[in-house]
2 protein chains.
Amino acid sequence: MSDGPVYERVALIGLGLIASSMFWAMKRGGVAGHVSGYARSEATRDTARRIGLCHTVCDSIAEAVADADLVVLAVPVGAMGAVAAEIAPHLKPGATVTDVGSVKRTVITEVGPHLPETVHFIAGHPLAGTEHSGPESGFSTLFDNRFTLLVPVEGTDPEAVARLRTFWERLGARVEEMDAEHHDLVLAVTSHTPHLIAYTMVGVADDLRRVTDSEVIKYSAAGFRDFTRIAASDPTMWRDVFLNNKEATLEILGRFTEELFALQRAIRTGDGDMLFDYFTRTRAIRRGILEAGQDIDAPDFGRAKVER
Amino acid sequence: MSDGPVYERVALIGLGLIASSMFWAMKRGGVAGHVSGYARSEATRDTARRIGLCHTVCDSIAEAVADADLVVLAVPVGAMGAVAAEIAPHLKPGATVTDVGSVKRTVITEVGPHLPETVHFIAGHPLAGTEHSGPESGFSTLFDNRFTLLVPVEGTDPEAVARLRTFWERLGARVEEMDAEHHDLVLAVTSHTPHLIAYTMVGVADDLRRVTDSEVIKYSAAGFRDFTRIAASDPTMWRDVFLNNKEATLEILGRFTEELFALQRAIRTGDGDMLFDYFTRTRAIRRGILEAGQDIDAPDFGRAKVER
Ligand SMILES: NC(=O)c1ccc[n+]([C@@H]2O[C@H](COP(=O)([O-])OP(=O)(O)OC[C@H]3O[C@@H](n4cnc5c(N)ncnc54)[C@H](OP(=O)(O)O)[C@@H]3O)[C@@H](O)[C@H]2O)c1
Ligand SMILES: NC(=O)c1ccc[n+]([C@@H]2O[C@H](COP(=O)([O-])OP(=O)(O)OC[C@H]3O[C@@H](n4cnc5c(N)ncnc54)[C@H](OP(=O)(O)O)[C@@H]3O)[C@@H](O)[C@H]2O)c1
């Protein structure tokens, strides 16, 4: 890591978990000369000012992006198009616009057409998060050693991509490029479908009359406790993810149901060998994740420590 | 908490995660005068001797239980019946026999008939665990502030139950009583079905040709990473759990599939309101778990620190 700012002026649009973590990480690494921020609600802007989030918190989105060399869209996936339309007239020629949305195909389709040809649009997605949200949930180490995927469309200026890559690396991330369709499929498997399943399981527990919520809460063992954490994530963000990554999520859900039915049949028929073999196979993936350093084999669960 | 040993002589049958954690917790609290241990494999017995697990590691199960005031069956659920038959002729009159199996109805049905009338059989289940197994995986704080459920059959000597309760409390646990059927339903919701689902999701990821295992491993985000940890648990233990808690697991799976289909339909039809409402409802359960102190809202995930 090294040197001065990667971008002189950065604008963060939306000031939630991801944007605030980006600000603290930029501050930690001296990655930007000046950061301006904007959120649609006064409450969020006030909070940001109170906790020192961004050098300048602007009351208008136009003002926030006006001089920016890098504009980061950090709002729910379903809001990206409208925000892009709003900022478009105010962007500085030569600026880079990126986003951090969890789905890439629809964001590219909805943001791209609004932006002038004078700016570089490079979609992105940091694979890092927690179940918390809002301007006070961010911390500087969120992206450390995690991947950020960049999804440039064909014909994007390679220098602009290289600079954005350096930016994310200076925030602590490992950066790779991928096309939008593959991104959405990979994420459907590694993040979106698991979230839907966790939400469903917690919903089932909540519904079951013969087991009270208070029993579920008292006796929630490992496994379910992890699910409740996942299922505590922001409803707006996740609604938008599923509405926008419909195809890949439905495909993975179809496969999931098929395999679940096979296991269910093994339970019903008492096929212990099938269950044993299945449960043995899945251990290998865990081992791979530990070896790749994407989690640690210790009780702190490999999640980043909160530090600013 | 207080005072001297709750049982003068304790025997641990099976020396894996649960038994070894019980030993370290007994040692920490001075809960037993002497602890003997037995495991079927020489390898496990050697390891136990090497790390100082148990005061005496016996090469025969008869020897291990001969003088015990409390015998703990800490083997997979499917092995409980056979182990009970083996120890039965060697039990001291007046002794208490308990188990730690994750399913209770079948264990009671399979263990009870083998034991002489001169001993108290009180089934139990500590709601605490990790994805690790074997004699070296235990630690003294595993049961701290977690529930242990006791499942005495009708007519059990209340004094024997009270003593076993004190024993678990001295190991750090909160103790409650419950009947076997309700136990198995509660656990199907809070632990068994979540585990099956996690195994399935990891299996789906492993199967998908267009996304390589190495991509799954590199890009595994929160959510999926948690699933891989759950799905790394011991295959024998979990095979036995599903074979022995068939009815309740199948019931909960049926409900799960029903709700998952409803969410899947909402995704397909683009019903954002349904998704939003569902995702909002499940947050309340998480809040309850945090308030009940069964997890903490911090990145170490509320899992016990490894300390002996
Ligand atoms: N959380 C994660 O784990 C994670 C991980 C990777 C990527 N992402 C992606 O990152 C983006 C931001 O997520 P986050 O977790 O940072 O969210 P967050 O903490 O909930 O913050 C969202 C921000 O977007 C603003 N916003 C919400 N709806 C809006 C709308 N309709 N128009 C304009 N602004 C709106 C909010 O403004 P107010 O505060 O004024 O309401 C808030 O500042 C999302 O696209 C998400 O998919 C999230
Ligand atoms: N792990 C959890 O999260 C958890 C939580 C609560 C309750 N439980 C219950 O606690 C019990 C023990 O689980 P654990 O996690 O401690 O298991 P573990 O670490 O895998 O240890 C199992 C022990 O049982 C012995 N064993 C295995 N199969 C046997 C057989 N057929 N006959 C005789 N002995 C056999 C093993 O002997 P060798 O070492 O010689 O092979 C080993 O000592 C299970 O009934 C499980 O359902 C587990």
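Being a predicted model, the structure only gives us computed values, none of them experimental.

A short note on the site of ligand 2
Residue and element names in this part refer to chain B.
Right, so step 1: If you check the shell around ligand 2, you find 26 residues, and the closest are Ser41, Thr44, Val75, Ser102 and Gly134.
Right, so step 2: Taking glycine 134, its main chain carries an N or O atom lying 2.8 Å from an oxygen atom of ligand 2.
Right, so step 3: For ligand 2, the accessible surface in isolation is 900 Å², of which the surrounding protein chains cover 83%.
Right, so step 4: Partitioned by chemical class, the residues of the shell around ligand 2 number 14 nonpolar, 11 polar and 1 charged.

Observations concerning the sheet that holds strand β6 (residues 120-126) of chain A
Residue and element names in this part refer to chain A.
Right, so step 1: Pairing in this open sheet of 8 strands is mixed, and the strands run β3-β2-β1-β4-β5-β6-β7-β8 from one edge to the other. Strands with a single pairing partner mark the edges of an open sheet, and in this sheet they are β3 (56-57) and β8 (174-177).
Right, so step 2: With 4 bridges joining them, strand β7 (residues 147-152) and β8 adopt parallel strand pairing. Bridge pairing in β8 links leucine 150 to glutamate 177.

Describing the pairing of strand β5 (residues 96-99) of chain B
Regular strands place their side chains on alternate faces of the sheet.
Residue and element names in this part refer to chain B.
Right, so step 1: The two faces of β5 match: Thr96 and Thr98 on one face and Val97 and Asp99 on the other face are all buried.
Right, so step 2: Pairing between strand β4 (residues 70-73) and β5: 4 bridges, direction parallel. Paired with leucine 70 across the bridge in β5 is threonine 96.
Right, so step 3: Of the crossover connections in this fold, the one passing from β4 over helix α4 (residues 80-87) to the parallel β5 is right-handed.

Looking at the confidence of the model for chain A
Right, so step 1: A residue-level look at chain A finds 94% of positions with pLDDT of 70 or above and a mean pLDDT of 93.
Right, so step 2: With pLDDT under 50 throughout, residues 299-308 of chain A is counted as low confidence; its partners more than four residues away or in other chains account for 39 contacts.

Conventions we followed
- Residues numbered from 1 in each chain as written.
- Chains lettered and ligands numbered in written order.
- Predicted model: local features only at pLDDT ≥ 70, side-chain atom pairs only at ≥ 80, totals over all residues.
- Heavy atoms only, no water.
- Near = heavy atom within 4 Å.
- Polar contact = N/O pair within 3.5 Å; in protein donor to acceptor, adjacent residues only side chain to side chain.
- Areas by Shrake-Rupley, 256 points an atom, 1.4 Å probe, with all protein chains shown as cover.
- Nonpolar A, V, L, I, M, F, W, Y, C, P; charged D, E, K, R; others polar.
- Pairing = 2+ DSSP bridges.
- Helix = DSSP H or I, 4+ residues; strand = E, 2+ residues; numbered from the N terminus.
- Buried < 20%, exposed > 50% of the residue type's maximum accessible area, 1.4 Å probe, protein only.
- Right-handed = clockwise from strand over helix to strand, strands pointing away.
- pLDDT = per-residue confidence, 0-100.
- Contact = heavy atoms within 4.5 Å.

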